[in-house]
Amino acid sequence: MKNTDLVKMILNIGGEHIPLTVPFDRQDAMRDAEKAVSQLYAKWRSERPTRSDKEIMAMVAHQFAYLYQGLLAKYEHAIDMAAYCEHRLSEIIENENSKDF
């Protein structure tokens, strides 16, 4: 099977069965995400017995969205830093080349 071939999966998130079709090479990532969500859901479910399943799932969704936004900000900062470094390197190379003449 090629990595780009699609496979059907069913994830179990908070007792809900979610059918997905994903590239073959993304199956492990999907299972890892399922496991991370399920572990946090189970932890918070046991720690907060008075909360509804819907509230717990909303809390889990918010946690992962918050983490995603943090990573997105770091990624955007890294892109900016890489562009700055590339610009500075070009300037340094240009200055060195102009000294040769």
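Each chain has its residues counted from 1, running along the sequence as written. pLDDT decides what is reported in this predicted model: residues at 70 or higher carry local features, side-chain atom pairs at 80 or more are listed and counted, and totals for whole chains, interfaces and linings draw on all residues regardless. Neither water nor hydrogens contribute to the side-chain values; these are computed over all heavy atoms in the structure.

A few words on the environment of A58. Note that A58 resides in helix α2 (residues 53–99). Partly exposed residues are those whose accessible area sits between 20% and 50% of the maximum for their type, while under 20% is buried and over 50% is exposed, using a 1.4 Å probe and protein chains only. Its relative accessible area of 47% is what places A58 among the partly exposed residues. Note: C-alpha distance between A58 and I13 (45 residues apart in sequence) is 12 Å. Helical segments are the DSSP runs of H or I of at least four residues, strand segments are the runs of E of at least two, and each set is numbered from the N terminus.

With respect to the helices, strands and loops of the structure, S90 is situated in helix α2. Look at S90 and you get partly exposed, because its relative accessible area is 42%. Each C-alpha atom of the pair S90 and A73 lies 26 Å from the other, and the pair is 17 residues apart in sequence.

Together, F64, Y66 and L67 line one region of the surface with nonpolar side chains, adding up to about 300 Å² of accessible area. In this fold, L67 is placed in helix α2. What goes into a patch is any residue over 30% in relative accessible area without a salt bridge, connected to like charges within 9 Å or, for nonpolar side chains (Val, Leu, Ile, Met, Phe, Trp, Tyr), within 5 Å. Accessible surface is estimated by sampling points in the Shrake-Rupley manner with a 1.4 Å probe; for residues, cover comes only from the protein chains shown. Whenever Lys or Arg places a side-chain nitrogen within 4 Å of a carboxyl oxygen from Asp or Glu, that contact is recorded as a salt bridge.

A separate point is the pairing of strand β2 (residues 16–23). The sheet contact formed by strand β1 (residues 6–13) and β2 spans eight bridges and is antiparallel. Residue pairing in the sheet places K8 in a bridge with T21 of β2. By definition, two strands form a pair when at least two bridges between them are found by DSSP. Linking β1 to β2, which pair antiparallel, is a turn of two residues; within it G14 sits at a positive phi near 55 degrees.

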